[in-house]
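Spelled out, the chains give:
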Amino acid sequence: MKKIMLMLFAVLLSLSACAKEPKPEDALKMFLDDYISLETMEFADYIKGDSPLANGSVLGTEDLTEELTQRILDIYKHYTYEIGDVTISEDKTTATVSVLLTNFDGSTLYSDWMTTYITKAMELAFTNPDMTQADFEAIAIETFSDTLDALVDGKEYSVEVKMVKDEKVWKLVGGDENYDLINAMSGGILDSLKNINTPE
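Model, not experiment: these values are computed from the prediction.

J.: Even after reading the chapter, I still don't get the overall build of the chain, so can you show me in this structure?
T.: On a plain count of helices and strands, the chain comes out with seven helices and five strands. N-terminal to C-terminal, the α/β element order of the chain is α-α-β-α-β-β-α-α-β-β-α-α. For the chain, buried positions account for 34% of its 200 residues. Contacts spanning at least 24 positions in sequence make up 69% of the contacts within the chain whose residues lie at least 6 apart. Within the structure as shown, the chain displays about 12600 Å² of accessible surface, and the carbon and sulfur contribution to it stands at 56%.

As structure tokens, then:
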């Protein structure tokens, strides 16, 4: 009887250990949920290596007003997501998690804005030669706001997220390895910035 009890106890311990084994998809869920809900984050708790999100320039808001900056930040926190398949390496140190994010389609935000701004600024410059730099800045802010208003919601981004186990804790791989995820979180705005900075 004692042997049977010991065997059952050993089995229960084994099952308990398996239940407590950290999962990469849980780490990804925590990152995506916390990014929306928290005002500040310690990215080192979620990401192994450098994080593009830790650098404010990734938002593309350096020259924007406080109001427009907040609108961009709101887009970054607008997404919803569904976790899909999870693939873990044989040595259980790396994993790939499929996730489908839904967000705005901002992939042409900056190119659309520049086109609108240049067109309107040139028209007004011809009709009003006394326009000042402040006038042009006001047009830039107005047209950028209008371009944000025109963004279409509901675009789906299918992403394969790369994960790594760091001292028994699953984290996202840093650097550019998960660019597609950050771009999806941005509603495609990262792609828009990238296309402006590196035209074909």
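J.: What is the right way to read helix α2 (residues 24-37) from this model?
T.: One turn of the α-helix equals 3.6 residues, which is why residues spaced by three or four share an orientation. Here α2 spans 20 Å end to end across 14 residues, near enough to the 20 Å set by a 1.5 Å rise per residue. For α2, the set of buried residues is P24, E25, A27, L28, F31, L32, D34 and Y35.

J.: How should I be thinking about the packing of helix α4 (residues 109-127) against helix α7 (residues 189-197) in this particular structure?
T.: The relative placement of two packed helices comes down to the angle between their axes together with the axis-to-axis distance. Their axes nearest at 7 Å, the elements α4 and α7 cross at an angle of 60°. When the interaxial angle is binned, α4 and α7 end up oblique. Residues L109, Y110, S111 and M114 of α4 touch α7, and the partners they reach there are I189, S192, L193 and I196. When its residues are assigned to classes, the contact of α4 with α7 shows six nonpolar, two polar and no charged.

J.: Help me understand the environment of L124 in this model?
T.: Secondary-structure assignment places L124 in helix α4. For the pair formed by L124 and D135, sequence separation is 11 residues and the distance between their alpha carbons is 9.8 Å.

J.: It is not clear to me how the confidence of the model for the chain should be interpreted in this structure. Could you clarify?
T.: Any segment with low pLDDT has predicted coordinates that should not be analysed in fine detail. Averaged over all residues, the pLDDT of the chain equals 85, while 84% of them reach at least 70. Note that residues 5-19 has pLDDT below 50 and, in this model, zero contacts with residues that lie over four places away or in other chains.

J.: Before we go on, may I ask you to explain the pattern of salt bridges in this structure?
T.: Applying the stated criterion across every chain yields a total of five salt bridges. Its salt-bridge partner being D149, residue R71 comes within 2.6 Å of it at the nearest N-O pair. You can see R71 sitting in helix α3 (residues 66-76) and its partner D149 sitting in helix α5 (residues 133-149), a full 78 residues away along the chain. Residue D149 is classed as exposed on the basis of its relative accessible area, which comes to 52%. Here E142 and K120 are joined by a salt bridge, their closest N and O atoms 2.9 Å apart.

J.: Even after reading the chapter, I still don't get the side chain of S186, so can you show me in this structure?
T.: Looking at where S186 falls in the secondary structure, it is placed in the loop between α6 (179-185) and α7. Engagement of the side chain of S186 in a polar contact is seen with the backbone oxygen of N183, the distance being 2.7 Å. Of the polar contacts made by the side chain of S186, one reaches the backbone nitrogen of G188; its length is 3.4 Å.

J.: Please clarify how α3 should be interpreted in this entry.
T.: What α3 keeps buried is the set L68, T69, I72, I75 and Y76. All buried residues of α3 fall inside an arc of 115° around its axis, so they share one side. Those residues of α3 that are exposed and angled more than 90 degrees off the buried face are E66 and E67. Turning to α3, the residues buried within the fold contact α2, β3 (94-105), α4, α5, α6 and α7.

J.: Teacher, can you tell me more about the environment of A125 here?
T.: Looking at the element boundaries, A125 is found in helix α4. Excluding its chain neighbours within four sequence positions, the residues that come into contact with A125 are M131 and F136.

J.: Which parts of the structure should I look at to understand the packing of α3 against α5?
T.: At their nearest, the axes of α3 and α5 sit 11 Å apart, and the two run at 20° to each other. As summarised for this structure, α3 and α5 are arranged roughly parallel, according to the angle between their axes. Remark: the crossing between α3 and α5 carries left-handed chirality. Between α3 and α5, the contacting residues are L68, R71, I72 and I75 on the first element and I141, F144, S145, L148 and D149 on the second. Here the contact of α3 with α5 is composed, by residue class, of six nonpolar, one polar and two charged.

The rules behind these values
- Residue numbers restart at each chain and count upward from 1, following the sequence in its written direction.
- For a predicted model such as this one, the threshold for reporting local features is a pLDDT of at least 70, and the threshold for listing and counting side-chain atom pairs is 80 or more; totals across whole chains, interfaces and linings nevertheless cover every residue.
- Hydrogens and water are ignored here; the side-chain numbers use all heavy atoms of the structure.
- Note on conventions: DSSP H or I runs of at least 4 residues are helices, E runs of at least 2 residues are strands, and numbering of each starts at the N terminus.
- Each residue is placed in one exposure class: buried if its accessible area under a 1.4 Å probe, protein chains only, is under 20% of its type's maximum, exposed if it is over 50%, and partly exposed if it falls in between.
- Contact between two residues is taken to exist if any of their heavy atoms lie within 4.5 Å; hydrogens are not considered.
- For the accessible areas, the method is Shrake-Rupley and the probe is 1.4 Å, while residue cover comes only from the protein chains on display.
- Expected helix span is computed as 1.5 Å times (number of residues minus one).
- Each axis is a line fitted through C-alpha atoms, taken for helices only over the stretch in contact, and angles between the N-to-C directions span 0 to 180 degrees.
- Comment on the angle field: the value is read as roughly parallel under 35 degrees, roughly antiparallel over 145, roughly perpendicular from 65 to 115, and oblique elsewhere.
- Gly counts as polar in this scheme, as do all residues outside two lists: the nonpolar Ala, Val, Leu, Ile, Met, Phe, Trp, Tyr, Cys and Pro, and the charged Asp, Glu, Lys and Arg.
- Scored between 0 and 100, pLDDT is the confidence that the predictor attaches to each residue.
- The rule for a salt bridge is simple: a side-chain nitrogen of Lys or Arg has to be within 4 Å of a carboxyl oxygen of Asp or Glu.
- Definition of a polar contact: a pair of N or O atoms within 3.5 Å, with one able to donate and the other able to accept a hydrogen when the atoms are protein atoms, and with sequence-neighbouring residues admitted only if both atoms are side-chain atoms.
- Each C-beta atom gives one direction from the helix axis, and the arc is the one those directions make.
- Should the near helix be turned anticlockwise from the far one by less than a right angle, the crossing is left-handed, and should it be turned clockwise, the crossing is right-handed.

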